[in-house]
Amino acid sequence: DSGVTQTPKHLITATGQRVTLRCSPRSGDLSVYWYQQSLDQGLQFLIQYYNGEERAKGNILERFSAQQFPDLHSELNLSSLELGDSALYFCASSVGWGALDEQFFGPGTRLTVL
Amino acid sequence: GENVEQHPSTLSVQEGDSAVIKCTYSDSASNYFPWYKQELGKRPQLIIDIRSNVGEKKDQRIAVTLNKTAKHFSLHITETQPEDSAVYFCAASIPSGNTPLVFGKGTRLSVIA
């Protein structure tokens, strides 16, 4: 157990809908990262927050948004869902904000868009 | 932007044999190279990492080597066991980029008993 929690574990929804994925980092970690893992694909970096502020942004679609709250948990909002958004979404956390910090991954949320 | 190429995409070895996975990166400023193991249906977990001031690092049956000149690094697993079967991802840091870590596409390792 990495100490990073994600809810829900599974999510099944329809095209056009909006969902929210939640992540709680390890105690003491200030950074939260979001990744998308599609079938047979690697880990695609979406976005990073550090202590409530956006720190880095990857290839995140405009339909997706995220935020980190004062208690450091983070939410990833996915809207106008398409079939291609079906994937595993991982959250990771680290102590600092830099590229040298070890990232600890949560168990992931499996999103299925029908 | 930074690109990390990982080979092979699949690898099958007999139990007890060694396995080697190779990655190349493009940004010469990259200075941190972690390797993650992801078992089926599980989260990626860090198994070993190396920083650019070190050429080799070993942890029991796992070792990583780094060649900064050639911009490639490799994971070596010796005396493979069935529980080593998983997908392995390499990654490279991007100190000045928008993406903290760039991951390779993964290698699916199967250890045949």
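The structure we're discussing is the one just above.
Residues numbered from 1 in each chain as written. Chains lettered and ligands numbered in written order. Predicted model: local features only at pLDDT ≥ 70, side-chain atom pairs only at ≥ 80, totals over all residues. Heavy atoms only, no water.

Draft legend 1. Spatial organisation of the interface of chain B and chain A. At the junction of the two partners, chain B supplies 20 residues and chain A supplies 25 residues. Taking both partners together, chain B and chain A bury about 1,800 Å²; carbon and sulfur atoms supply 57% of that area. Where chain B meets chain A, there are one salt bridge. The partner of Arg43(B) in a salt bridge is Asp1(A), with the nearest N and O atoms 4.0 Å apart. Our enumeration of links across chain B and chain A arrives at five residue pairs in polar contact (both at pLDDT 80 or more). (Contact = heavy atoms within 4.5 Å. Buried area = accessible area lost by both parts, 1.4 Å probe. Salt bridge = Lys/Arg side-chain N within 4 Å of Asp/Glu carboxyl O. Polar contact = N/O pair within 3.5 Å; in protein donor to acceptor, adjacent residues only side chain to side chain.)

Draft legend 2. Focus on the pattern of salt bridges. The final tally for this structure, using the stated rule, is seven salt bridges over all chains. Between Glu39(B) and Lys37(B) there is a salt bridge, with its nearest N and O atoms 3.5 Å apart. Judged by its relative accessible area of 16%, Lys37(B) is buried. Within the structure, one salt-bridge network assembled from shared partners comprises Arg63(A), Glu82(A) and Asp85(A). (Buried < 20%, exposed > 50% of the residue type's maximum accessible area, 1.4 Å probe, protein only.)

Draft legend 3. Local environment of the state of the cysteines. Taken as a whole and judged by the stated rule, the model has two disulfides over all chains. Residue pairing for Cys23(A): its cysteine sulfur links by disulfide to Cys91(A), the two sulfurs lying 1.7 Å apart. Residue Cys23(A) is found in strand 3 (residues 19-24), and its partner Cys91(A) is found in strand 9 (residues 87-94); the two are separated by 68 residues along the sequence. Note on accessibility: Cys23(A) and Cys91(A) belong to one class, buried. The disulfide that involves Cys23(B) links it to Cys90(B), with 2.0 Å between the sulfurs. (Disulfide = S-S within 2.5 Å. Helix = DSSP H or I, 4+ residues; strand = E, 2+ residues; numbered from the N terminus.)

Draft legend 4. Focus on the nonpolar core. Counting residues in hydrophobic clusters, the biggest one holds 26 residues, and the most contacted among them are Trp35(B), Phe73(B), Leu75(B), Tyr88(B) and Leu109(B). Mapped by element, the contributors of at least two residues to this core are strand 2 (10-14), strand 3 (19-25), strand 4 (32-38), strand 5 (45-51), strand 7 (62-67), strand 8 (72-77), strand 9 (86-93) and strand 11 (107-112) of chain B. Beyond its immediate chain neighbours, meaning those up to four positions away, Phe73(B) contacts Ile21(B), Lys22(B), Cys23(B), Tyr25(B), Phe33(B), Trp35(B), Thr65(B), Leu66(B), Cys90(B) and Ala91(B). Counting 20 residues, the second largest nonpolar core, distinct from the first, contains Cys23(A), Val32(A), Tyr89(A) and Val113(A). (Core = buried A, V, L, I, M, F, W, Y, C linked by side-chain atoms within 4.5 Å.)

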